[in-house]
Amino acid sequence: MVTTGFFNIVCFSNEKKMTCRLIFLVLFLSSLVINVLGNLEQVNDVELEKLIANEKFVITLFRDESCQGCDELETQLSSLREDLVDSLNAWVVKAVSSSLISNFTTGKDSVKPLVVYFRHSVPLLYDGPLNDDVMLDTFVQNKELAVNHLNDDSFEHLTQAASGATTGDWFVMFYRDDCESCMKFQAKWEYIASQLKGRINLAKVNIKDDGISTGSRFGVDQVPAFLFFRQGKIFTYDLPNHESKAFQDFALGWYKNVASKNVPSPKTPFDELVDRAVFTLKENPWILPAAGVTLLLILIAVGLNTWKSSKVVKPTKSKKSVKKSN
């Protein structure tokens, strides 16, 4: 009897031993091929960063050498790889014990396998069911970015938040690019947007860059902040649950359990200028003392110049010059 990993082959006579050996060799090689095809290509962090920068679509499994659910998820992605290549011409790879996983996770999420879908370098953290059809549909249907970037110039024009007009409901994440938790959450915000696409508009506003006045308009001083705009009303998402499903449920109806307030009117250009000036002073508290010192130095310089001018002795006419003139 010859034993393989999958079958027991019984050889009844010496004449059949050669046949048995050939069968064993074929099955053994087949099992090797199956195992190789069932594993994703592994890349290191440098290789992964190059792929993300140069390829349109990269689907990456972040996993440890051994962890609960890692092998199962890798097998699932392996089974989808051919479809993903055909549909998206995507790279489907794995990164083992990668430091890059910290760009998308905090706390407990960092100990489980994650699938991140990079589209034109922008990540979408897949946070849905581990179902082949659902995963494939999510990747194929979200080749473009799902989250709108809004700023002081475009916010009211696109959302029509104050008028509650025709552009629909908007769920907006306010963030700063120096806020670590904000930046890590953006990949999940992209996934939430992909699940609400066609029903709710999702957007983000950088209140440290081109959304300073918009952040001031809505009183946002702590980030990340999540405001839901519907029919001229604001509903604030301040729940401790930051799971994707919780945000989706909020936008699809749970917001009714939250007290609302009216959307304030858009700010005038002068108000926006004042907001930026105030923001700049708050972010750079050294400016005011420095400006005060500069002004003081200018005043001292002007004072000294005036004092010196007052000390200059004007020439007087001598008696001789008076006689000559006579």
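The chain goes by Thioredoxin domain-containing protein in an unreviewed UniProt entry, where it is assigned to Daphnia galeata.

K.L.:
Is there a simple way to explain the sheet that holds strand S11 (residues 225-230) in this structure?
P.N.:
Hydrogen bonds along the backbone pair up the strands of a sheet, which may run parallel or antiparallel. If you walk across this open sheet you meet the six strands as S8-S10-S9-S11-S12-S13, and the pairing is mixed. For this open sheet the edge positions go to strand S8 (148-150) and strand S13 (260-262), each flanked by a neighbour on one side alone. In this sheet, adjacent strand axes meet at a mean angle of 30 degrees when their direction is disregarded. One ladder, built from five bridges, connects S11 with strand S12 (residues 233-237); its direction is antiparallel. Note on S12: the bridge partner recorded for phenylalanine 228 is phenylalanine 235.

K.L.:
Could you clarify how one ought to interpret the state of the cysteines in this entry?
P.N.:
Should the sulfur atoms of two cysteines be covalently bonded, the bond is a disulfide. All chains considered together, the criterion is met by two disulfides. Here cysteine 67 pairs with cysteine 70 through a disulfide, and the sulfurs are 1.4 Å apart. Handedness here is read from the sign of the S-S torsion; for cysteine 67 and cysteine 70, about 50 degrees, the answer is right-handed. Here cysteine 179 is linked by a disulfide to cysteine 182, with a sulfur-sulfur distance of 2.4 Å. The chirality of the disulfide connecting cysteine 179 with cysteine 182 is right-handed, given an S-S dihedral of about 75 degrees. Exposure class is identical for cysteine 179 and cysteine 182. Each is buried.

K.L.:
What is the right way to look at helix H3 (residues 70-88) in this model?
P.N.:
Spacing of three or four residues puts side chains on the same side of an α-helix, whose turn is 3.6 residues. The largest bend along H3 reaches roughly 45 degrees and is located at leucine 80. Restricting attention to buried positions, one finds in H3 the residues Cys70, Leu73, Glu74, Gln76, Leu77, Ser78, Leu80, Leu84 and Leu88. A positive backbone phi angle near 55 degrees is found at asparagine 89, which sits one or two residues after H3.

K.L.:
I keep staring at the environment of glycine 69 and nothing clicks. Help me out?
P.N.:
Along the chain, glycine 69 falls in the loop between strand S4 (57-63) and H3. A sequence separation of 43 residues divides glycine 69 from lysine 112, and the C-alpha atoms of the two residues are 7.7 Å apart.

K.L.:
What am I meant to see in the sheet that holds strand S5 (residues 91-96) here?
P.N.:
With respect to topology, five strands assemble into an open sheet ordered S3-S5-S4-S6-S7, the strand pairing being mixed. Among the strands making up the open sheet, the edge pair consists of strand S3 (41-42) and strand S7 (122-126). The pairing of S4 with strand S6 (residues 114-119) spans six bridges and is antiparallel. Each bridged residue has a counterpart across the sheet, and for phenylalanine 62 the counterpart in S6 is leucine 114. Together, S3, S4, S5 and S6 form the strand contacts of helix H2 (residues 45-54), whose direction differs from that of S4 by roughly 150 degrees.

K.L.:
Even after reading the chapter, I still don't get the side chain of lysine 94, so can you show me in this structure?
P.N.:
The residue lysine 94 is located in strand S5 in this model. Its relative accessible area of 11% is what places lysine 94 among the buried residues. Looking at lysine 94, its side chain comes within polar contact range of the side chain of glutamate 74, at 3.0 Å. Discounting chain neighbours no more than four positions away, the residues touching lysine 94 are Leu40, Glu41, Gln42, Val43, Leu61, Arg63 and Glu74.

Rules behind the numbers
- Residues numbered from 1 in each chain as written.
- Predicted model: local features only at pLDDT ≥ 70, side-chain atom pairs only at ≥ 80, totals over all residues.
- Heavy atoms only, no water.
- Pairing = 2+ DSSP bridges.
- Helix = DSSP H or I, 4+ residues; strand = E, 2+ residues; numbered from the N terminus.
- Axes fitted to C-alpha atoms, helices over the stretch in contact; angles between N-to-C directions.
- Disulfide = S-S within 2.5 Å.
- Buried < 20%, exposed > 50% of the residue type's maximum accessible area, 1.4 Å probe, protein only.
- Bend = angle between axes of the 7 residues up to and from the residue.
- Contact = heavy atoms within 4.5 Å.
- Polar contact = N/O pair within 3.5 Å; in protein donor to acceptor, adjacent residues only side chain to side chain.

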